[in-house]
Amino acid sequence: MDADALYADVIDKYSRHINPHLAKLMAFAGFGVEMRGEGCYIYDHEGRQFLDCLGGYGTFSVGHRHPKVVEAVQKQLGEMALSGKAFFSKNAADLAEKLAEITPEGIDYSFFCNSGTEAVEAALKFSKSVTGRVKIISTTESFHGKTMGSLSVMGREKYRKPYEPLVPGVVFVPFGDVDAAIAAIDDQTACMIVEPIQGEGGIRIPPDGYLTALRRACDKHGAILIFDEVQTGLGRTGTMFACEHDGVSPDIITMAKALGGGVMPLGAVSGTEAIWDAVYSQNPLSHTSTFGGNPLACAAGLAGIQVIQDEGLVERSATLGLLLKDGLQSVADKHSKWIAEVRGRGLMVGLEFAEDEVGELVVAQLLKYGVCVAYALNNPRVLRFEPPLIISAEQIEFAVDAVDKALVETDELLAMLV
Ligand SMILES: Cc1ncc(COP(=O)(O)O)c(C=O)c1O
């Protein structure tokens, strides 16, 4: 099948059997069919190379198909792929120990699942079980997943509304507003769930001291503090976990995306001994998953964390993140008519446009220049850059230059429309 026929066949099948509306949107933006991923690049059906600055929303921290992760998964595949569920699993044990080592202080236990939303579901369940309370505090514009529990705490009504009634007792407070959070957290509160930096909300960084204030308020009222680090975790923001920036430990932390080493789907919810005791002491099967913690995914997780540590990717994220931010800032200064702000931490950087709909045009222009990005789901004015942490300074320069060129073209395009 030649490239054009393959593309037409895939779009046709998406339209008839997956999601015709999404297919139209993706095709309009100019996305082809992904055929191969390697390092920082994705190759499409025409053999075109794209610098992956979206990175699967932060999944490809060690790049696509890192040889060490692939090797670990292939070795495991030769022995046992999925768990029989009755036996102990060495990989799960080793990965849980590794997470206890790298997560913030006091986080010693882990439950493994397959995605971010499952990790959040578990975190919410555990908080209710431990406290015996129902009130949950979440933040506006937050994103925690799209299954019923996670959706209930999603800070955007557009996604919640069609599925109501959802989990009861959820109260939303503005993200970053200390006073609002303190006023909401009380003796009825089971938990507060928050992203240390909002990803889908548009790479929003709360003021210094925010996480500390939440910690204090939760301690005062015996509420559980959950940090959702599904997107920010494992080096993305220049520290192993984003909450380290504020020196605050949660009671529960959720992870996924980069956890599977960019090769396998893997999520985890990790927490304190007291929480695990409360959840599992009466019923050791209180929360389970058939595929969660399978040997293949855990092999990928262990190898991925090893790569992050061996290749110094946390430090690299901090250093190269500054380079990316500075580069985008100079582009923003040049195109101040279109760009309102550049912000971020480590290799999690957002470019906010001053107007709606410009971002979509820039995404399409960037694709032409061989750079893949996307806008934030809960804030389409913000393009987010979350490239692999192995990205080089030259590749960052290439991306920044492409943004500049894409903005020049978008400017010309919009001038013609006026
Ligand atoms: C902070 C956060 N939590 C949860 C999720 C849900 O993860 P998943 O798509 O793997 O269910 C996401 C996904 O983008 C996320 O960014």
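Predicted, not measured: the structure shown is a model, and the values here were computed from it. (Residues numbered from 1 in each chain as written. Predicted model: local features only at pLDDT ≥ 70, side-chain atom pairs only at ≥ 80, totals over all residues. Heavy atoms only, no water.)

## Some thoughts on the domain arrangement of the protein chain
Let me state the cut-off plainly: Segmentation of the chain into domains, including their bounds, is taken from an automatic or database domain assignment. The contact criterion used is simple: two residues touch if any of their non-hydrogen atoms lie within 4.5 Å. The term buried area refers to how much accessible surface (probe radius 1.4 Å) is lost by two components on association, counted for both of them together. Salt bridge criterion: a side-chain nitrogen from Lys or Arg within 4 Å of a carboxyl oxygen from Asp or Glu. In protein, a polar contact means a hydrogen-donor-capable atom and an acceptor-capable atom, both N or O and within 3.5 Å, with residues adjacent in sequence counting only if both atoms are side-chain atoms; elsewhere, any N or O pair within 3.5 Å suffices. A run of DSSP states H or I qualifies as a helix once it reaches four residues; a run of E qualifies as a strand once it reaches two. Both are numbered from the N-terminal end. For this classification, the nonpolar set comprises Ala, Val, Leu, Ile, Met, Phe, Trp, Tyr, Cys and Pro, the charged set comprises Asp, Glu, Lys and Arg, and every other residue, Gly included, is treated as polar.
By domain assignment, the protein chain separates into domain 1 (31-62 + 312-417) and domain 2 (67-310). Distance between the C-alpha centres of domain 1 and domain 2: 27 Å. Contacts between the two partners involve 30 residues from domain 1, matched on the other side by 37 residues from domain 2. In total, domain 1 and domain 2 occlude about 2,700 Å² of area from one another, counting both sides; carbon and sulfur atoms represent 56% of this. Considering only the side of domain 1, the residues that lose the most area to domain 2 are Arg-345, Met-348 and Asn-378, jointly responsible for 31% of the buried surface there. At the surface where domain 1 touches domain 2, the tally comes to 1 salt bridge. Between Glu-200 and Arg-384 there is a salt bridge whose closest N-O contact spans 2.6 Å. Counting the contacts that link domain 1 with domain 2 gives 21 residue pairs in polar contact (both at pLDDT 80 or more). Residue assignment for the side of domain 1 that touches domain 2 shows that the elements contributing at least two residues are α3 (55-58), α13 (313-334), β11 (339-345), β12 (348-353) and β15 (379-385). Residue contributions to the side of domain 1 that touches domain 2 peak at 4 residues, all from α13. Residues of the side of domain 1 that touches domain 2, tallied by class, amount to 15 nonpolar, 11 polar and 4 charged.

## Looking at the pattern of salt bridges
Under the criterion given, the structure shown has 23 salt bridges. If you follow the salt bridges from partner to partner, you end up with Arg-36, Glu-38 and Arg-65 in one network.

## With respect to the site of the ligand
In plain terms, the rule: In this text, near means that some heavy atom of the residue lies within 4 Å of the molecule or strand in question. Working definition of accessibility: Shrake-Rupley area with a 1.4 Å probe, residue cover restricted to the visible protein chains.
The immediate surroundings of the ligand are formed by Ser-115, Gly-116, Thr-117, Phe-143, His-144, Gly-145, Glu-195, Glu-200, Asp-228, Val-230, Gln-231 and Lys-257. Between the ligand and Thr-117 there is a distance of 2.9 Å, counted from an oxygen atom to a backbone nitrogen or oxygen. A distance of 3.5 Å separates a nitrogen atom of the ligand from a polar backbone atom of Phe-143. Protein burial of the ligand: of its 390 Å² of free accessible surface, 83% is covered by the chains. When its residues are assigned to classes, the shell around the ligand shows 2 nonpolar, 6 polar and 4 charged.

## Let's talk about helix α1 (residues 3-18)
For the α-helix, the turn length of 3.6 residues means that residues three or four positions removed from each other point alike. Short version of the rule: Expected span of a helix: the number of residues minus one, times 1.5 Å.
Compared with an ideal rise of 1.5 Å per residue, which puts 16 residues at 22 Å, α1 spans 21 Å between its outermost C-alpha atoms and is within 8% of the ideal. Near the N-terminus of α1, the side chain that reaches the backbone nitrogen of Asp-4, with its oxygen 3.3 Å away, is that of Asp-2.

## Some thoughts on the pairing of strand β10 (residues 267-271)
Heads up, the condition is: Relative accessible area decides the class of each residue, using a 1.4 Å probe on protein chains only: under 20% of the type maximum gives buried, over 50% gives exposed, and in between gives partly exposed. Any two strands with at least two DSSP-identified bridges between them are counted as paired.
β10 sits mainly inside the fold: 5 of its 5 residues count as buried. Both strand β4 (residues 109-113) and β10 contribute to a ladder of 5 bridges, which runs antiparallel. Paired with Phe-112 across the two strands is Ala-268, which belongs to β10. Direction of pairing for strand β9 (residues 252-255) relative to β10: antiparallel, over a ladder of 4 bridges. Looking across to β10, one finds that Met-255 is bridged to Ala-268.

## Some points on the nonpolar core
Here is the rule: Definition used in this section: a nonpolar core is a set of buried Ala, Val, Leu, Ile, Met, Phe, Trp, Tyr and Cys residues joined via side-chain atoms within 4.5 Å.
One finds Met-192 and Phe-385 to be the most contacted residues of the largest nonpolar core, which totals 80 residues. Sequence-distant contacts of Phe-385, that is, excluding residues within four places in its chain, are made with Cys-53, Leu-324, Leu-328, Leu-347, Met-348, Val-349, Leu-351, Val-373 and Val-403.

## Topic: the pairing of strand β3 (residues 49-52)
Examined bridge by bridge, strand β2 (residues 41-44) and β3 share 3 bridges and lie antiparallel to one another. If you follow Tyr-41 over to β3, its bridge partner there is Leu-51. Between the end of β2 and the start of β3, which pair antiparallel, lie 4 residues, with Gly-47 showing a positive phi angle near 80°. Pairing of β3 with strand β13 (residues 371-372) involves 2 bridges; the strand directions are parallel. Following the sheet pairing, Asp-52 is matched in β13 by Cys-372.

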